[in-house]
Each structure stands twice: as C-alpha cells, then as structure tokens.
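Chains, contacts and geometry: an overview
Okay, here's what each chain looks like letter by letter:
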Amino acid sequence: CYMILYTVACMFNVGLDFVTTYFTAMKVMEGLGFRNYFGVPLAEITEFTAKFETYGMQRSLAENTYGYAFPSTYLIPFLIEPFPTILAPLWIGRLVVRSHPEVQGLDAEE
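Here's what I pulled together on the structure shown here. The structure presented is a predicted model; accordingly, all values stated were derived computationally and were not measured.

Another aspect to go through is the overall build of the chain. For the chain, the helix and strand inventory stands at six helices and zero strands. Reading the secondary structure of the chain in the N-to-C direction produces α-α-α-α-α-α. Scaling as 2.2 N^0.38, a compact globule of 110 residues should have a C-alpha radius of gyration of about 13 Å, whereas the chain reaches 25 Å, well beyond that. With the principal axes as the frame, the chain shows a C-alpha extent of 80 × 30 × 15 Å. The burial tally for the chain puts 14% of its 110 residues in the buried class.

Spelled out as structure tokens, the structure:
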C-alpha cells in the first residue's frame, strides 16, 4: 500500500510540475508575442493542441523538462542515495556496538 501511495504521490507531483510549467511557458510566450508557423500570435490560439504544438512552446517545455530532469532528478539522487541507505546504518551500527562493552567477538557480528 505504501509503494502504491508513494508512486501516486510522485506521479501527481510530476504531473503538477508539468502543468505549472506549461502555463508558465504559455504566459511567457504570449507576453513576448510569440507566433506560430502561420504568423498567428499565441494569445489568439484557443485550442490546447494547437498551442501546445507550436515551436516556441515545444522548445520552452523541452528546456524546462531537461532542467527539471537533469541533474536534480537523474543524477543527484543516485549520488546521495548511498549515504542514507548504506553508510548511515553502518555508522550507527558501529556506534551502537562500540557503546556496549558487553558485546564482544562473534556477538558483535550478529
């Protein structure tokens, strides 16, 4: 149940990020007066698909998605992961064993 809820929460977060990025890029492109291939200003395009498929929107969304994905999503978590999952339990275990003098020899390994 935890894994399902965690996956849903992550998917919701990414979806919300993409929606926010779309609306931010749309407002920026409209404010800068971007036009589609046929010369129609983005502010005058009402359909989602037509607005989404313009070159300016595609380029802006691609840059924002790349900035979202690398390095914060694809690199940093994998560099940080060994510390809380491997090294922290090892260090805590060493401190626990070191602080109990009654644990000696093979008992310390179990």
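Our next topic: the packing of aromatic side chains. For the structure on display, the rule yields eight aromatic pairs. When the ring of Tyr37 is compared with that of Phe38, the centres are 5.3 Å apart and the planes differ by 85°; the resulting orientation is edge-to-face. Taken as a pair, Tyr37 and Phe38 share a single burial class, namely exposed. Aromatic rings pair up to connect Tyr22, Phe23, Phe48 and Phe52 into one cluster.

The biggest cluster of nonpolar side chains holds eight residues, and these are Tyr22, Ala25, Met26, Met29, Leu42, Ile45, Met57 and Leu61. Every element with two or more residues in this core is listed here: α1 (2-31) and α3 (55-69). If you tally residues by element for this core, the top one is α1, at four residues. Excluding its chain neighbours within four sequence positions, the residues that come into contact with Leu42 are Met29, Glu30, Phe34, Arg35, Lys51, Thr54 and Met57.

A separate point is a nonpolar patch on the surface. On the surface, a nonpolar cluster with roughly 720 Å² of combined accessible area is contributed by Tyr66, Phe70, Tyr74, Leu75, Ile76, Leu79 and Ile80. The element that contributes the greatest number of residues to the nonpolar patch is helix α4 (residues 76-80), accounting for three residues. Position of Ile80 among the secondary structure elements: in helix α4. Residue Ile80 is classed as partly exposed on the basis of its relative accessible area of 46%.

At a minimum axis distance of 10 Å, the contact between α1 and α3 shows a crossing angle of 140°. It follows that α1 is oblique to α3 by the angle criterion. Classified by chirality, the crossing of α3 by α1 is right-handed. Residue-level contacts link Val14, Asp17, Phe18, Thr21, Tyr22, Ala25, Met26 and Met29 of α1 to Gly56, Met57, Ser60, Leu61, Asn64, Thr65 and Tyr68 of α3.

What counts as what
- Residues numbered from 1 in each chain as written.
- Predicted model: local features only at pLDDT ≥ 70, side-chain atom pairs only at ≥ 80, totals over all residues.
- Heavy atoms only, no water.
- Helix = DSSP H or I, 4+ residues; strand = E, 2+ residues; numbered from the N terminus.
- Rg over C-alpha atoms; globule rule 2.2 N^0.38 Å.
- Buried < 20%, exposed > 50% of the residue type's maximum accessible area, 1.4 Å probe, protein only.
- Phe/Tyr/Trp six-rings, centres within 6.5 Å; stacked < 30°, edge-to-face > 60°.
- Core = buried A, V, L, I, M, F, W, Y, C linked by side-chain atoms within 4.5 Å.
- Contact = heavy atoms within 4.5 Å.
- Patch = residues over 30% accessible without salt bridge, like charges linked within 9 Å, V, L, I, M, F, W, Y side chains within 5 Å.
- Areas by Shrake-Rupley, 256 points an atom, 1.4 Å probe, with all protein chains shown as cover.
- Salt bridge = Lys/Arg side-chain N within 4 Å of Asp/Glu carboxyl O.
- Axes fitted to C-alpha atoms, helices over the stretch in contact; angles between N-to-C directions.
- Parallel < 35°, antiparallel > 145°, perpendicular 65-115°, else oblique.
- Left-handed = near helix turned anticlockwise from the far one by under 90°.

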